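Spelled out from the first residue to the last, the chains are:
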Amino acid sequence: MRTQRPTTLGEFLVENQENFPYATGELTQLLSSIRLAAKVVNREINKAGLADILGLSGAENIQGENQMKLDVFANDTFLRTLRSMGEVCGVASEELEDFIVFDDELHNESKYVVLMDPLDGSSNVDVNVSVGTIFSIYRRITPIGSPVKLEDFLQPGHKQVAAGYVIYGSSTMLVFTTGHGVHGFTLDPSIGTFCLSHPNMRFPERGQIYSINEGNYIHFPEGVKRYLKFCQELDPPSGRPYTSRYIGSLVSDVHRNMIKGGIYIYPTGTMSPKGKLRLLYECNPLAFIVEQAGGRATDGFTRILDLQPTELHQRVPYFVGSTAMVLEAESFLRSDHNE
Ligand code: AHG
Ligand code: MN
Ligand code: MN
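Computed from a prediction, not measured in an experiment: that's the story for all the values here. (Residues numbered from 1 in each chain as written. Chains lettered and ligands numbered in written order. Predicted model: local features only at pLDDT ≥ 70, side-chain atom pairs only at ≥ 80, totals over all residues. Heavy atoms only, no water.)

Some points on the overall build of the chain
Then comes step 1: Along the chain, the regular secondary structure elements total 10 helices and 13 strands.
Then comes step 2: Relative to the compact-globule value of 20 Å for 339 residues, the chain shows a C-alpha radius of gyration of 20 Å, a close match.
Then comes step 3: Principal-axis analysis of the C-alpha atoms places the extent of the chain at approximately 60 × 60 × 50 Å.
Then comes step 4: When each of the 339 residues of the chain is scored for burial, the buried share is 53%.
Then comes step 5: The long-range share in the chain, meaning contacts at least 24 apart out of those at least 6 apart in sequence, stands at 65%.
Then comes step 6: Total accessible area on the chain stands at roughly 15,200 Å², and carbon and sulfur atoms take up 51% of it.
Then comes step 7: Of note, the chain has its 30 positive side-chain charges centred 5 Å away from the centre of its 40 negative side-chain charges. (Helix = DSSP H or I, 4+ residues; strand = E, 2+ residues; numbered from the N terminus. Rg over C-alpha atoms; globule rule 2.2 N^0.38 Å. Buried < 20%, exposed > 50% of the residue type's maximum accessible area, 1.4 Å probe, protein only. Contact = heavy atoms within 4.5 Å. Areas by Shrake-Rupley, 256 points an atom, 1.4 Å probe, with all protein chains shown as cover. Lys, Arg positive; Asp, Glu negative; His and termini not counted. Charge placed at Lys NZ, Arg CZ, Asp CG, Glu CD.)

Structure follows, in structure tokens:
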């Protein structure tokens, strides 16, 4: 039997370049830079547990001053890699208060901005649980040739030209969309190459999984509480009670639900009146991917990709996953609202 060599990410990018918006090759190059930074971050995450026993990262330092936190490392790695190429004129990151302008002749000529959560779920690193990187790419709206401005970053999610995530899990994957479906690549560590393993990923229309931090239950809106009771009710024909699965790493929770079918919710709460997740770095990029895979992403009432951002670190409630399940959850919120 003839076994076919898998398509590498590099090959896929070249072969599909005409599918990319504007197809000038710059977006291909930009995704290649992200691929490179992901490999560097992956290497570092993989040896996270070795730091103490090998004395890496200045572990002797009692104040821990030399020990770079992995989210800072990931942030610096992506920033450095993006700056070293000429496709990006500015970056906004969950780790930085303000956006960064790559203000020089070369970068001012470029047309893309990148927004990112360099390490999502970082509290999971210490316990060897999956974490991720989320990225979102837009065309600038200010004129080429000038330094990038805040308005270039505050665009609604439906303007994204590409978005993706890396999941550093039991294997490392890079999953992305340019608006032509969602494709997943698994890193083959023996050759250091991402290989196409999940072409055209699709969210099942519905599933059996609900993912929410139930420890916050008493703070949730009534509609969410009632939806959770619905998830837990016995109704064999519709597969209820559903299974509860919550990793606490958004990328991993959404990735699992995309493959198995399910819903992820991070609602408003009395503790976090606007929700916890960030519109620009977490919700928008994942919403673009989820919609491209046939799923649904809203704040409970409005499509995430239609929200007009007003500030870089804006938070929103998030209902994301299998379309039928998100619609069901929304109906509980609406009846709450109409009472
Ligand atoms: P980050 O590590 O980038 O700050 O993100 C953590 C986020 C997200 O990954 C996860 O789903 C959520 O926070 C978990 O929050 P709770 O601990 O409140 O459940
Ligand atoms: Mn995050
Ligand atoms: Mn983060």
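Here's the deal with the coordination of the manganese ion (ligand 2)
Then comes step 1: Distances from the manganese ion (ligand 2) to its protein donors, Asp 117 (OD), Asp 120 (OD) and Glu 282 (OE), fall at 1.9 to 2.2 Å.
Then comes step 2: Read from N- to C-terminus, the donor residues coordinating the manganese ion (ligand 2) fall into the pattern D-x2-D-x161-E.
Then comes step 3: The manganese ion (ligand 3) is placed at 3.8 Å from the manganese ion (ligand 2), the two being bridged by Asp 117. Of this pair, Asp 117 sits in strand E3 (residues 112-120) while Glu 282 sits in helix H9 (residues 279-292); the two residues are 165 residues apart in sequence, bridging distant segments of the chain. Comparing Asp 117 with Glu 282 shows no difference in burial state: the two are buried. (Donors = N, O, S within 2.8 Å, 3.2 Å for Na, K, Ca; no water.)

Some details on a nonpolar patch on the surface
Then comes step 1: On the surface, a cluster of nonpolar side chains totalling about 220 Å² of accessible area is made up of Val 127, Val 129 and Ile 247.
Then comes step 2: For Val 127, a relative accessible area of 55% gives the class exposed. (Patch = residues over 30% accessible without salt bridge, like charges linked within 9 Å, V, L, I, M, F, W, Y side chains within 5 Å. Salt bridge = Lys/Arg side-chain N within 4 Å of Asp/Glu carboxyl O.)

A few points about the site of ligand 1
Then comes step 1: In the vicinity of ligand 1 lie 16 residues, with Asp 120, Gly 121, Tyr 246, Tyr 264 and Tyr 266 positioned nearest.
Then comes step 2: One nitrogen or oxygen atom from the side chain of Glu 94 is found 3.1 Å from an oxygen atom belonging to ligand 1.
Then comes step 3: Within the side chain of Tyr 264, one N or O atom sits 2.7 Å away from an oxygen atom of ligand 1.
Then comes step 4: Protein chains shield 80% of the accessible area of ligand 1, which is 470 Å² for the free molecule.
Then comes step 5: Broken down by secondary-structure element, the contributors of at least two residues to the shell around ligand 1 are E3 and strand E11 (262-266).
Then comes step 6: Here the shell around ligand 1 is built from residues that sort into six nonpolar, five polar and five charged. (Near = heavy atom within 4 Å. Polar contact = N/O pair within 3.5 Å; in protein donor to acceptor, adjacent residues only side chain to side chain. Nonpolar A, V, L, I, M, F, W, Y, C, P; charged D, E, K, R; others polar.)

Description of the nonpolar core
Then comes step 1: If you look at the biggest cluster of nonpolar residues, it comprises 43 residues, and the most contacted ones within it are Tyr 165, Met 258, Ile 304 and Tyr 318.
Then comes step 2: With nine residues, the single largest contributor to this core is H9.
Then comes step 3: Built from parts of two domains, this core gets at least three residues from each of domain 1 (9-198) and domain 2 (209-338).
Then comes step 4: With sequence-adjacent residues up to four places away left out, Ile 304 is seen in contact with Leu 279, Cys 283, Asn 284, Ala 287, Ala 297, Thr 298, Asp 299, Val 316, Pro 317 and Tyr 318.
Then comes step 5: One finds Ala 74, Leu 82, Val 166 and Leu 187 within the second-largest nonpolar core, a separate group that totals 38 residues. (Core = buried A, V, L, I, M, F, W, Y, C linked by side-chain atoms within 4.5 Å. Domains from an automatic or database assignment.)

A closer look at the coordination of the manganese ion (ligand 3)
Then comes step 1: Protein ligation of the manganese ion (ligand 3) involves Glu 94 (OE), Asp 117 (OD) and Leu 119 (O), the donor distances falling in the range 2.3 Å.
Then comes step 2: Within one chain, the residues donating to the manganese ion (ligand 3) are spaced in sequence as E-x22-D-x1-L.

Structural notes on the sheet that holds E3
Then comes step 1: Spatial ordering of the open sheet is given by E2-E1-E3-E4-E5-E6-E7-E8, a layout of eight strands whose pairing is mixed. Pairing within the sheet leaves two strands with one partner each, and these edge strands are strand E2 (100-101) and strand E8 (193-198).
Then comes step 2: Bridge count for strand E5 (residues 162-168) against strand E6 (residues 172-177) is six bridges, and the pairing is antiparallel. Of the residues in E6, the one forming a bridge with Tyr 165 is Val 175.
Then comes step 3: Packed onto the sheet, helix H8 (residues 250-260) meets E3, strand E4 (131-139), E5, E6, strand E7 (182-188) and E8 and runs at close to 100 degrees relative to E5.
Then comes step 4: With respect to the sheet, H9 is in contact with strand E1 (88-93), E3, E4, E5, E6 and E7, its orientation differing from that of E4 by roughly 85 degrees. (Pairing = 2+ DSSP bridges. Axes fitted to C-alpha atoms, helices over the stretch in contact; angles between N-to-C directions.)

Thoughts on the packing of aromatic side chains
Then comes step 1: Scanning the entire structure with this criterion turns up nine aromatic pairs.
Then comes step 2: A centroid spacing of 5.6 Å and a plane angle of 65 degrees characterise the contact between Tyr 227 and Phe 332, whose relative ring orientation is edge-to-face. Linking Tyr 227 in helix H7 (residues 222-232) with Phe 332 in helix H10 (residues 323-338), this pair joins segments that are 105 residues apart in sequence.
Then comes step 3: Residues Phe 230 and Phe 332 carry aromatic rings whose centres are separated by 5.2 Å and whose planes lie at 50 degrees to one another, so their mutual orientation is tilted. Of this pair, Phe 230 sits in helix H7 while Phe 332 sits in helix H10, and the two are 102 residues apart along the sequence. Each of the two residues, Phe 230 as well as Phe 332, counts as buried.
Then comes step 4: Chaining the aromatic ring pairs together yields one cluster made of Phe 12, Phe 176 and Phe 185. (Phe/Tyr/Trp six-rings, centres within 6.5 Å; stacked < 30°, edge-to-face > 60°.)

Topic: the state of the cysteines
Then comes step 1: Counted by the stated rule, this structure contains zero disulfides.
Then comes step 2: Its sulfur unpaired, Cys 231 is 19 Å from the next cysteine sulfur, which belongs to Cys 283. (Disulfide = S-S within 2.5 Å.)

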